Amino acid sequence: GGLLHPKLHRYRIQLVDLSNNNLMDLSTLSHSGFDALHTIMARKNLISRLSLTLPSLVELNLAYNALRVMPSLGGLPHLEVLILSHNQLHGSLENLKSSMRIKRLDLAYNEFDWTPSQLS
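The present account deals with the structure reproduced in this document. Treat the numbers as computed from the prediction; the structure is a model and nothing was measured.

Considerations on the overall build of the chain
Now for step 1: Looking only at helices and strands, one finds 0 helices and 5 strands in the chain.
Now for step 2: Secondary structure elements in the chain, listed N-terminal to C-terminal, are β-β-β-β-β.
Now for step 3: Whereas a compact globule of 120 residues would reach a radius of gyration of roughly 14 Å, the chain reaches 15 Å, a difference of no more than 12%.
Now for step 4: Seen through its C-alpha atoms, the chain measures out along the principal axes to roughly 50 × 30 × 15 Å.
Now for step 5: Looking at the chain as a whole, 38% of its 120 residues are labelled buried.
Now for step 6: At a minimum sequence separation of 6, the contacts of the chain that also span at least 24 residues come to 23%.
Now for step 7: A total accessible area of about 7,200 Å² is found for the chain, and carbon and sulfur atoms account for 52% of it.

As structure tokens, this is what we get:
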């Protein structure tokens, strides 16, 4: 049943909203035939780590989750919108260097403690 039901035409789905579901993981979406998926809304879950390979994904909203480190975005080459507000993120933004297409980045309400020179 659910998103992996055999009669669901996953190759046509462009947007999935999984918000408010107590999900801990989204890896099922990778390599499951969601070839046209361009938006994932997964706000207000319990996601603490992310590993996705979705070449056509353009927007990812993981606000209000349990992320502590910046996720690797190498499997999301077309990502343009990344919303990670209201998590427990800290540390560096090193994983963003592979995401040159990002046009909108929301990191509000996290636990970063950078100095101004670290933002350049």
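Comments concerning the sheet that holds strand β5 (residues 104–106)
Now for step 1: Spatially, the 5 strands line up as an open sheet ordered β1-β2-β3-β4-β5, and their pairing is parallel. This sheet does not close on itself; its edge strands, each paired only once, are β1 (15–17) and β5. Ignoring strand direction, the axes of neighbouring strands in this sheet form an average angle of 5°.
Now for step 2: Sheet topology places β1 next to strand β2 (residues 39–41); 3 bridges connect them, and they run parallel.

Re the packing of aromatic side chains
Now for step 1: Across all of its chains, the model carries 0 aromatic pairs by this definition.
Now for step 2: Positioned over the ring face of Y64 is K44, at 5.2 Å from the centre of the ring.

Points about the side chain of N65
Now for step 1: For N65, the position within the fold is in the loop between β3 (59–61) and β4 (81–83).
Now for step 2: Classification of N65 by relative accessible area gives buried; the value is 6%.
Now for step 3: Of note is the side chain of N65, whose polar atom sits 3.2 Å from the backbone nitrogen of N45.
Now for step 4: At 3.4 Å, the side chain of N65 forms a polar contact with the backbone nitrogen of L46.

Focus on the environment of N110
Now for step 1: Mapping N110 onto the fold places it in the segment after β5.
Now for step 2: Under the relative-accessibility criterion, N110 is labelled buried at 18%.
Now for step 3: The spacing of N110 and S48 is 62 residues in sequence and 13 Å in space, taken between C-alpha atoms.
Now for step 4: Sequence-distant contacts of N110, defined by excluding residues within four places in its chain, comprise L84, S85, H86, N87, Q88 and L89.

Conventions and cut-offs
- Residues numbered from 1 in each chain as written.
- Predicted model: local features only at pLDDT ≥ 70, side-chain atom pairs only at ≥ 80, totals over all residues.
- Heavy atoms only, no water.
- Helix = DSSP H or I, 4+ residues; strand = E, 2+ residues; numbered from the N terminus.
- Rg over C-alpha atoms; globule rule 2.2 N^0.38 Å.
- Buried < 20%, exposed > 50% of the residue type's maximum accessible area, 1.4 Å probe, protein only.
- Contact = heavy atoms within 4.5 Å.
- Areas by Shrake-Rupley, 256 points an atom, 1.4 Å probe, with all protein chains shown as cover.
- Pairing = 2+ DSSP bridges.
- Axes fitted to C-alpha atoms, helices over the stretch in contact; angles between N-to-C directions.
- Phe/Tyr/Trp six-rings, centres within 6.5 Å; stacked < 30°, edge-to-face > 60°.
- Lys NZ or Arg CZ within 6 Å of the ring centre and 35° of its normal.
- Polar contact = N/O pair within 3.5 Å; in protein donor to acceptor, adjacent residues only side chain to side chain.

No statement about biological role is implied by the geometric values presented.
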